[in-house]
Amino acid sequence: MTTFRISEAAALLGVSSDTVRRWVDAGRLGAERDEHGHRRVKGADLAAFARAQVGADDDGGRSSARNRFRGIVTEVIRDAVMAQVEIAAGPFRVVSLMSRQAADELGLEPGVVAVAVIKSTNVVVEVPGRDRMAGQL
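All values reported here derive from a predicted model rather than from experimental measurement.

Caption draft 1: Structural detail: the overall build of the protein chain. Of regular secondary structure, the protein chain possesses four helices and eight strands. Mapped from its N terminus to its C terminus, the protein chain presents α and β elements in the order β-α-α-β-β-α-β-β-β-α-β-β. Within the protein chain, buried positions represent 35% of all 137 residues. In the protein chain, of all internal contacts separated by at least 6 residues, the share reaching a separation of at least 24 is 50%. As presented, the protein chain carries roughly 8,300 Å² of accessible surface, and 47% of it is formed by carbon and sulfur atoms.

In structure tokens, the structure reads:
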């Protein structure tokens, strides 16, 4: 299972590490200590928290045209052919429709870090640090 350090969770949520620590201390966000005593947040827990935050902060007045948003996948809905992928990137909620095959090849699921690349009305999702499959047979 994917886990994140406090600083990584903060970067994905668009807040400071101190804010994430306060949320953990207040019980708003779950975290466990690793073998070194450092707090780690489970990817699925961070995705659920991010999803709740996006819904609470969404004022509908933001534009994402021609931008790249690094965030965490909060939901993936797949059918036989297509997939709907939702990403929480700080206070932004980005939804992409793509082939199910693309979502499967990228390994997209709640808790995975991804980048939404926005150009006009198209959203391209990239997963940092993974080899590209395009052009390979």
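More follows now that the structure is in view.
Caption draft 2: Quick look at the environment of Val 73. Along the chain, the position of Val 73 falls in strand β4 (residues 68-78). For Val 73, a relative accessible area of 0% gives the class buried. When residues no more than four places from it in sequence are discounted, the contact partners of Val 73 are Ala 47, Val 85, Glu 86, Ile 87, Leu 108, Glu 109, Pro 110, Gly 111, Val 112 and Ala 114.

Caption draft 3: Expanded view of helix α1 (residues 6-13). Those residues of α1 that sit buried are Ile 6, Ala 9, Ala 10, Leu 12 and Leu 13. What you see down the axis of α1 is that its buried residues fit within an arc of 165°, all on one side. Two residues or fewer after α1 comes Gly 14, characterised by a positive phi angle close to 75°.

Conventions and cut-offs
- Residues numbered from 1 in each chain as written.
- Predicted model: local features only at pLDDT ≥ 70, side-chain atom pairs only at ≥ 80, totals over all residues.
- Heavy atoms only, no water.
- Helix = DSSP H or I, 4+ residues; strand = E, 2+ residues; numbered from the N terminus.
- Buried < 20%, exposed > 50% of the residue type's maximum accessible area, 1.4 Å probe, protein only.
- Contact = heavy atoms within 4.5 Å.
- Areas by Shrake-Rupley, 256 points an atom, 1.4 Å probe, with all protein chains shown as cover.
- Arc of directions from axis to C-beta.

The values reported here are purely geometric and, on their own, carry no functional implication.
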